[in-house]
Amino acid sequence: MDPSPPCFRGYGTRFVLLCVLVPLVLVSLLLLSVDSNGPTPWFSSFSFSLPLHHGGGGGAHKEKDLESRRGFGAQVSFDRSGHAADVSAPPVAAPSPAQGPATLLFERNTTEDVMPLPRGRRTRYTKLQRLELGLGRARAAIKKAFRNAGNRTALPDKDYVPQGPLYRNAYAFHRSYLEMERLFKVYVYEEGEPPLFHDGPCRSIYSSEGRFINSLEMDSRYRTRNPDLAHVFFLPFSVAKMVKFIYKPESFDISPIKKTIADYIDVVAERHPYWNRSLGADHFMLSCHDWGPHSSKAVPHLYGNSIRVLCNANTSEGFDPSKDVSLPEINIKTDVMADMMGGPSASRRPILAFFAGGDHGPVRPLLLEAWKDKDPDVQVHEYLPKGVSYYDTMRKSKYCLCPSGYEVASPRIVEAIYLGCVPVTINDHYVLPFSDVLDWKAFSVQVSVVDIPNIKKILMGISPTQYIRLQRRGAMVQRHFVVNSPPRRFDVFHMILHSIWLRRLNIRMHRPQVSD
């Protein structure tokens, strides 16, 4: 009788040795060669963003099984010169308003190299890990594009190829944009009812808020109905609508707004696992109202971890360029954008500089005191004379002064770009929109508050040739600030999405791998 085990009868002893002993030896050698700590993570972080502003430190916060880690690494900030600078970030943790079981860890600004898993090891990835694998490949592609800045061929694109001094790194931006189009998915929480949720103003100084919410709600390319496929999660509340409907006028009490936001996040955290999974780090809110930043303090993790897309991008009030997004303030009064666009050439603009606006905030009183009705070249008015058109005067001006009002943002910046007037920003602590991609010095002038008395001297010191360059570049950058319905590639809707995409790339989330 054949002495072989039942499953090997008929094969012979030598064949049994080959089929059993040899694989056992190979598996043993392979296990000895694998690091006991498991494979090296190969998710790296990338950002075009401004240097990281350090916040307060914090210790580890334990809440059931939920942990959070921020800043264990460095952020990579790129400029057109081709140099990269690592900026360390301290650990930060904040108490969470919503509780729930989770074992996820997330890190910001790590700079780990991309490394493949050891051969012969099978890994079963979770849905989240597959998302992170895709983001890791996108980071690697963008970094490669940046590192090859001096030896490159323009990427093919049927609509538009970013190039020239408008951009900090045009080639890397284009690669990042294409990666976003290929990969990026946004989940919009369906909880909540209009007008406080899923709605926003579309014809006012806060129109950036409503236009983005409505465009994203109707989008089919980036929006996903499956939250497991989402890279970020949108909290679709409108602070501007809350001010209109639940704020008591002249009370200066925004606690009802903050309570509404806190209650909303409690609801989505209870119904879905995603907020607790990341402590809100892969979630974003959007607000163009002045009270947007203050309202976000209703939930510590919303303020400290989430991506906040804000018009009031004031670093002195907690705006963090490494995780928050500066939203352009656009005052849309009509759906016909052509009425707000265009202007004469540089030679047909007789006024050197122009401003007209109310006397409020910390900056405008200084501007009015120095220049109000004092110089025909620098026309500064609190109120325009009767019969004088605001937009026509902007079209006649070479430079349009854009001082901060109650808050740092000003709709005049985008209005100036629309009308072919070179914007002159006058503020401190303001992060200009899309400045992680755009080089604002190429098409605008920045004046500090202390230099307000020297505005004419500064502007007269710009040569005619340089002024013409500034104006022409302003016309080129216009496409990134135009509001289209429906949105078009590279317009303001997509630039906002791209800014959110970059902040998501700054986050790496992981769970322990399951191997077999």
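Above this note sits the structure.
Not measured: the values here are computed from a predicted model.

Undergrad: What should I look at first to understand the environment of R152 in this one?
TA: Topologically, R152 is positioned in the loop between α2 (127-147) and α3 (170-183). Note on R152: relative accessible area 40%, which makes it partly exposed. Spatially, the C-alpha atom of R152 lies 8.1 Å from that of Y171, the residues being 19 residues apart in sequence.

Undergrad: Looking at this model, I keep getting lost on the nonpolar core. Mind explaining?
TA: Burial of nonpolar side chains together is a common tendency in soluble globular proteins. F212, F284, Y418, I500 and W501 are the most contacted members of the largest nonpolar core, which has 98 residues in total. No other element matches the nine residues that helix α15 (residues 492-505) contributes to this core. By size, the runner-up hydrophobic cluster in this structure holds 24 residues, among which are L368, I452, I462 and Y467.

Undergrad: What am I meant to see in the pattern of salt bridges here?
TA: As enumerated under the stated definition, the model contains 22 salt bridges in all. The partner of E179 in a salt bridge is R182, and the shortest N-O contact between them spans 2.6 Å. In this pair, E179 and R182 both sit in helix α3, three residues apart, roughly one turn of the helix. Ionic pairing is found between D324 and R308, a salt bridge with its closest N-O pair at 3.0 Å. Taken as a pair, D324 in the loop between β8 (307-310) and β9 (325-326) and R308 in strand β8 lie far apart in primary sequence, 16 residues in all.

Undergrad: I'm lost on the state of the cysteines in this one. Help?
TA: Joining two cysteines, a disulfide is a covalent bond between their sulfur atoms. Summed over the entire model, instances satisfying the criterion amount to two disulfides. C288 shares a disulfide with C311; S-S distance 2.0 Å. Where C288 bonds to C311 through sulfur, the torsion about that S-S bond is close to -90°, and the disulfide is left-handed. Residue C288 is located in the loop between β7 (283-287) and α8 (292-295), and its partner C311 is located in the loop between β8 and β9; the two are separated by 23 residues in the primary sequence.

Undergrad: Even after reading the chapter, I still don't get the pairing of β8, so can you show me in this structure?
TA: Residues I307 and V309 line one face of β8 and the alternating positions R308 and L310 line the opposite face, and both faces are buried. Summarising the sheet, β7 and β8 pair through four bridges and their orientation is parallel. Of the residues in β8, the one forming a bridge with L286 is V309. Two strands pair when backbone bridges link them, and β8 and β9 are joined in this way by two bridges, in the parallel orientation.

Undergrad: Teacher, can you tell me more about unusual backbone geometry here?
TA: With glycine set apart, most residues show a phi of negative sign, and most peptide bonds adopt trans. Cis peptide bonds are those with omega within 30 degrees of zero, and the linkage from P194 to P195 qualifies with 5°. Along the chain, P195 falls in the loop between β5 (186-188) and α4 (207-218). With omega at 0°, the peptide bond leading from S485 into P486 counts as cis. Within the secondary structure layout, P486 lies in the loop between α14 (464-477) and α15. Located in the positive-phi region is E250, a residue other than glycine, with phi close to 65°. Following the sequence through the fold, E250 ends up in the loop between α5 (239-245) and α6 (255-271). Looking at E250, the relative accessible area reads 73%, which means it is exposed.

Undergrad: It is not clear to me how the sheet that holds strand β14 (residues 445-447) should be interpreted in this structure. Could you clarify?
TA: Note: strands within a sheet are paired through backbone hydrogen bonds, in either parallel or antiparallel orientation. Spatial strand order, β11-β10-β12-β13-β14: five strands in an open sheet with parallel pairing. The strands lining the two open edges of the sheet, one partner per strand, are β11 (378-381) and β14. Along the sheet, successive strands turn relative to each other by an average axial angle of 20°, direction set aside. Two elements, strand β12 (residues 397-403) and strand β13 (residues 422-426), share five bridges in a ladder whose sense is parallel. Across the sheet, residue P403 finds its bridge partner in β13, namely I426. Those strands touched by helix α10 (residues 364-371) are β10 (351-356), β11, β12 and β13, and its axis lies near 125° from that of β11.

Undergrad: Got a minute to help me understand the sheet that holds β8 in this structure?
TA: Read across the open sheet, the five strands follow the order β5-β6-β7-β8-β9; overall the sheet is parallel. Two strands lie at the open edges of the sheet, namely β5 and β9, each paired on one side alone. The pairing of strand β6 (residues 232-234) with β7 spans two bridges and is classified as parallel. Paired with F234 across the strands is F284, a residue of β7. Across the sheet, α15 touches β5, β6, β7, β8 and β9, and the angle it forms with β8 is around 155°.

Undergrad: Looking at this model, I keep getting lost on α14. Mind explaining?
TA: In an α-helix there are 3.6 residues to a turn, and that puts residues three or four apart on one side. Across its 14 residues, α14 extends 20 Å between first and last C-alpha, which sits within 8% of the 20 Å expected from 1.5 Å per residue. Within α14, the full set of buried residues consists of Y467, L470, Q471, R473, G474 and V477. Taken end-on, α14 shows its buried residues confined to a sector of 165°, consistent with a single buried face. Residues P464, R472 and A475 are exposed on α14 and point more than 90 degrees away from its buried face. On its buried side, α14 packs onto β12, α12 (412-419), β13 and β14.

The rules behind the values
One numbering rule holds for all chains: residues counted from 1, following each sequence as written. In keeping with the model being predicted, local features are shown solely for residues with a pLDDT of at least 70 and side-chain atom pairs are shown and tallied solely at 80 or more, while totals for entire chains, interfaces and linings include all residues. The side-chain quantities take in all heavy atoms of the structure and omit both hydrogens and water. Every helix listed is a DSSP run of H or I at least four residues long, and every strand listed is a run of E at least two residues long, numbered separately from the N terminus. In this scheme, a residue with accessible area under 20% of its type's maximum is buried, one over 50% is exposed, and one in between is partly exposed, where area comes from a 1.4 Å probe on protein chains only. To form a nonpolar core, buried Ala, Val, Leu, Ile, Met, Phe, Trp, Tyr and Cys residues must be joined to one another through side-chain atoms within 4.5 Å. Take a side-chain nitrogen of Lys or Arg and a carboxyl oxygen of Asp or Glu: if they are within 4 Å of each other, that pair is a salt bridge. A pair of sulfur atoms, both from cysteines and within 2.5 Å, is called a disulfide here. At least two bridges found by DSSP between two strands are what make those strands a pair. Interaxial angle, 0 to 180 degrees, is taken between N-to-C directions of lines fitted to C-alpha atoms, where a helix line uses only the stretch in contact. Residue contacts follow a heavy-atom distance rule, with two residues in contact if any of their heavy atoms lie within 4.5 Å. An expected span of 1.5 Å times one less than the residue number is assigned to each helix. Here, the arc refers to the directions that run from the helix axis to the C-beta atoms.

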